[in-house]
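Report on the structure
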Amino acid sequence: MSTEYTIVIEKDEDGYYVGSVPALPGCHTQGKSIDLLLERMEEAIALRLEVEGEDALK
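The structure contained in this document is the topic of the report that follows. (Residues numbered from 1 in each chain as written. Predicted model: local features only at pLDDT ≥ 70, side-chain atom pairs only at ≥ 80, totals over all residues. Heavy atoms only, no water.)

**Digging into the sheet that holds strand β1 (residues 8-11)**
Our working rule: For two strands to be treated as a pair, DSSP must find no fewer than two bridges joining them. Numbering of helices and strands runs from the N terminus, with a helix taken as a DSSP run of H or I at least four residues long and a strand as a DSSP run of E at least two residues long. Fitted lines through C-alpha atoms give the axes, limited to the stretch in contact for helices. The angle between two N-to-C directions lies from 0 to 180 degrees.
Taking strand neighbours across the sheet as the criterion, the three strands line up as β1-β2-β3 in an open arrangement whose pairing is antiparallel. Because the sheet does not close on itself, it has two edges, and the strands there are β1 and β3 (28-31). Across the sheet, the mean angle separating the axes of adjacent strands is 20° when strand polarity is ignored. When β1 meets strand β2 (residues 17-20), the two strands line up antiparallel, connected through four bridges.

Below, the structure written as structure tokens:
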């Protein structure tokens, strides 16, 4: 089962793309290209959900 999340993407003054997931507070990353950003966003979402699962067990 997969879940879809909305990713907000902005470009900063240094030319990096910055992505965040409003539904997952603290879930954000950056990349020099959109492809790199999306790859890193997948990792960030997975890590955020892992931490959320660990917090639920406490």
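**Focus: the pattern of salt bridges**
Counted only if it meets this: We count a salt bridge whenever a side-chain nitrogen from Lys or Arg sits within 4 Å of a carboxyl oxygen from Asp or Glu.
Counted by the stated rule, this structure contains one salt bridge. The partner of Glu52 in a salt bridge is Arg48, and the shortest N-O contact between them spans 3.5 Å. A residue pair is termed a helical-turn pair when its members lie 3 or 4 positions apart in one helix, as Glu52 and Arg48 do in helix α1 (residues 34-57) at four residues.

**Focus: a nonpolar patch on the surface**
Quick note on the threshold: Residues with no salt bridge and a relative accessible area higher than 30% make up the patches, which join like charges within 9 Å and nonpolar side chains (Val, Leu, Ile, Met, Phe, Trp, Tyr) within 5 Å. Using a 1.4 Å probe, accessible areas were evaluated by the Shrake-Rupley method; residue-level cover was limited to the displayed protein chains.
Among the surface-exposed residues, Ile9, Ile34 and Leu38 lie close enough to one another that they form a single nonpolar patch of about 200 Å² accessible area. Tracing the chain through its elements places Leu38 in helix α1.

**Digging into the pairing of β2**
Moving residue by residue along a regular strand, the side chains alternate between the two faces of the sheet. Between β1 and the antiparallel strand that follows it, β2, lie five residues; Gly15 among them carries a positive phi value of about 90°. Bridge count for β2 against β3 is four bridges, and the pairing is antiparallel. Following the sheet pairing, Val18 is matched in β3 by Gln30.

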